[in-house]
Amino acid sequence: MNINDHFESPMLLKISFNKLIEKYEQMVDHDDEFISKKAQRVIDAQKPYPELREGICDVKLLDKYRKEIKIILEDSFSEVLTHNEIKTVSVPFHDFIFNSSERFKKIIKTAGKDFHLKILNMPEDDRYIIACTIILNFCYGYDLSFKRPFFYKIPDANGIMRYYKILYNADFTEIIPTKKAKKITQDDIDDLLDNFENIDMWKEKFPPHSYIFKGFVISNIFDVTDDQSISNIKSNLISEGKRKDSNFMKNFHEIFQSLLNIKNLKVGFSIYNKENDSFLKVHGEGMESFLLDAQEASKCDKTLCKYSYKTLLKDKKYYSISDVDKYYKMSKGKAPQYKTLKDQGIKSAILAPIANDTELLGILELVSSEPKVLNSVNANKLTDVMPYILAAVERSKKEEENLIEAVIQQECTSIHPSVHWKFKSAALEFIKNNIIENKYIPFQKIAFENVYPLFGQMDVKGSSNSRNQATQKDLTSQLSLAEKIISQVLELHEMPIYEQAHFQITSLLNELNKDFKVDSEHQTNNFFSQELDPLLKLIQKNHPELNEEVEGYFSKVDSELGVIYFYRKNYDDTIKLINENMSSMLDNAQKNAQAMYPHFFERYKTDGVEHNMYIGEAITRESNFELIYLYNLRLWQIQIMCEMENAFYQNQHEYPLSLDVASMILVFNQPLTIGFRMDEKQFDVDGTYNARYEVVKKRVDKAYIKGSEERVTEKGKLSIVYSQKEDEEEYMNYVRFFQHKKMLSDDAEIVELEDLQGVTGLKAIKVSILYHDFEETSNYYTYDDLVEIIKN
């Protein structure tokens, strides 16, 4: 095998001892006779084999000259130190080693037959370029300062990863240009400095095998596991999104295993909540708390004994348990931390407070299923690690606080980014007046005048009926199970209380099947909790032969709700999934809409998803608003409603319950004023005339088509409700445009609606939606597209 096979490099590698032999040739004339004779012995060993100086590429020749090579390298690999030093001989950028100390051989043997030695921190793609930088330094004296630490990662006998740093000695190497080598100028160097990743440029200036590397490198290797473990901890803690990374905790376990040299070791965390003096579980991929076990939270005094509480929370010192079983017995099982750890099969543990000068933030938990391996001695190894963990936790806490505020603003208020500037301006004015100048001036009213409203909704059709049917099925199932048990117990033992229960059950079943009312659920649930459950427990106690039937009944009952929650859960889960999926789709599409022209947007989850939009100069603070931006947004609204319908029906099979939806858009062609209502923390329209818009929004989806029993909203159709003739003309243009785009059908019809309370003269365009895959398009149509279609 040739050492250059499958290895592209600007250097042709040749293993040569020329430089080392030259050194021995100088030592022949040494005053010290011992040194002189030893040097001559090395020269004599090499002399019959000139190829050892000229250089060899064939790896097989290394075995042929193994005896001579051992003599040549004798001084470099002292027999006295061979079991202590970790040392090898190789060539650059190669995992190939042809001589090593006994300790290195032992390390590799311990790693196992399947272990393959590989240099870390040596990207395959960069090897060629790194070799070029070595040539620049060696042949042209240009140091690019590209030195990086190289490491080996090798498992020990226990499978724990050990880290070894490699320091190269290149004293016995030489690099010789060949005829293929190009002369490198300062201009070339300047080009290369700005093009590290341009591999073609490097290859053009340093063609493959345009230089010859002759010699070998000695690798002095040192175990730096402790330092590297600390470095790895820092790197892991600095990385973003660590809670979501499935490998984060796996890597963390391995790092601490290496640091403490314990294979059987796991890492856990718990957060300290100062407000109620409790520990909380950290939520994240693979994260555990061994102090809390299966609990989400627990009071500190219920989790720790008095001594451990004082050590961790007051003194902020490490608390180690070298033998959990021993201390569990000594405490007679009364110390809660010993019981919790023992129940999980943990035999030794170290609990380390994550604390700064002022407060405790959490607990780092190291545990092992082996006794004595974790103790008060190796707990001190954590001293170098805890500052980085503390810094990471402090940063995470601050990020979490900011995230909580952001979530509160997004989920609990209606302060959309488009109008945030006005709230900020009002807040600054309030601070100036009330805090800086000590005046009492109320927070100014937040209002936006002359903005155009857009409203749309995707509503689950027949949601109330579906909910009632689900409730009816659950209650009937539970009553039927109970009726079966009561019938069986009556056969064993007739008692008036059993007969009374049987009568009530059959009565409730008849009522549910014949006339389900709003209060039927409440009435039946009261019967379950107040009468039936105590009776069944009495039956279980007095009639052991029915134990299996009673247990079967309670196994089907939700432990928290006290009722069978199967069909209702399917309904609730379906509504929740529909709302989440459609809201997410709408929110993502809003990014495109905002890019067209900034506007106010809010959405609500009901039995479906509703959204409000307002657009106008008052919101953007700019004087460049034109009606074309309103038309664009109206087009966008129709398109996203069609896409949401498509997405819903394409994924309908994934929902627990098969439900249908209907979509509607409400058109209001007059600008209005919206104001922020401080009491309700949301925007609403201002003025009596504008209030008509809110009335229509709340009632229109329940409106009927005049002269029929048909609702304005219908499965598979988009309903566009309006009142003005110009709105009809505008939206019929939009409909024709989307018909041309094959998003709407050709069956558009205009219908009149029955009068609503206080509202008359409403009409609607109803048109079928065409269902197909929208996933491959991310384009949204604009008013210009519409004009272009009309022209043609």
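See the structure above.
Let us look at the structure shown here. (Residues numbered from 1 in each chain as written. Predicted model: local features only at pLDDT ≥ 70, side-chain atom pairs only at ≥ 80, totals over all residues. Heavy atoms only, no water.)

### Comments concerning the environment of Phe 7
To keep it simple, the criterion reads: Counting from the N terminus, the helices are DSSP H or I runs at least four residues long and the strands are E runs at least two residues long. Two residues form a contact once any of their heavy atoms are found within 4.5 Å.
Mapping Phe 7 onto the fold places it in the segment before β1 (11-15). The spatial distance from the C-alpha of Phe 7 to the C-alpha of Arg 127 is 9.6 Å, given a sequence separation of 120 residues. If near-sequence neighbours (up to four positions away) are discounted, Phe 7 is found in contact with Leu 13, Pro 92, Phe 93, His 94, Arg 127 and His 209.

### Here we look at the sheet that holds strand β8 (residues 211-215)
The test is simple: Two strands qualify as a pair provided that DSSP identifies no fewer than 2 bridges between them. The angle between two axes is taken between their N-to-C directions and runs from 0 to 180 degrees, where each axis is a line fitted to C-alpha atoms and a helix contributes only its stretch in contact.
Here we have three strands laid out as an open sheet, ordered β1-β8-β7, and mixed in their pairing. Strands with a single pairing partner mark the edges of an open sheet, and in this sheet they are β1 and β7 (173-177). Each neighbouring strand pair of the sheet contributes to a mean axis angle of 20°, computed without reference to strand direction. Each of β1, β7 and β8 touches helix α7 (residues 127-140); the most contacted strand, β7, lies at about 90° to it.

### Quick word on the pairing of strand β16 (residues 447-460)
For clarity, the threshold we go by: To sort residues, take the accessible area from a 1.4 Å probe on protein chains only and compare it with the maximum for the residue type: under 20% means buried, over 50% means exposed, and anything in between is partly exposed.
Most of β16 is tucked away, with 10 of its 14 residues classed as buried. Here three bridges tie β16 to strand β20 (residues 672-677), and the two strands are oriented antiparallel to one another. Note on β20: the bridge partner recorded for Val 451 is Leu 672. Here β16 pairs with strand β18 (residues 608-615) via eight bridges, running antiparallel.

### Some remarks on the sheet that holds strand β9 (residues 217-223)
Strand order in this open sheet of six strands is β3-β2-β9-β6-β5-β4, and the pairing throughout is antiparallel. The sheet is open, and its two borders are formed by β3 (97-100) and β4 (119-120), each paired with just one other strand.

### Section: helix α15 (residues 336-343)
Put simply, the rule is: It is the directions from the helix axis to the C-beta atoms whose arc is reported.
Burial in α15 covers these residues: Gln 337, Tyr 338, Thr 340 and Leu 341. Down the axis of α15, the sector holding all buried residues measures 165°, keeping them to one side. Lining the buried residues of α15 we find α12 (300-303), α13 (306-314), β13 (319-321), α14 (324-330), β14 (348-355) and β15 (360-368). Just downstream of α15, Gly 345 is the residue with a positive phi angle, here 80°.

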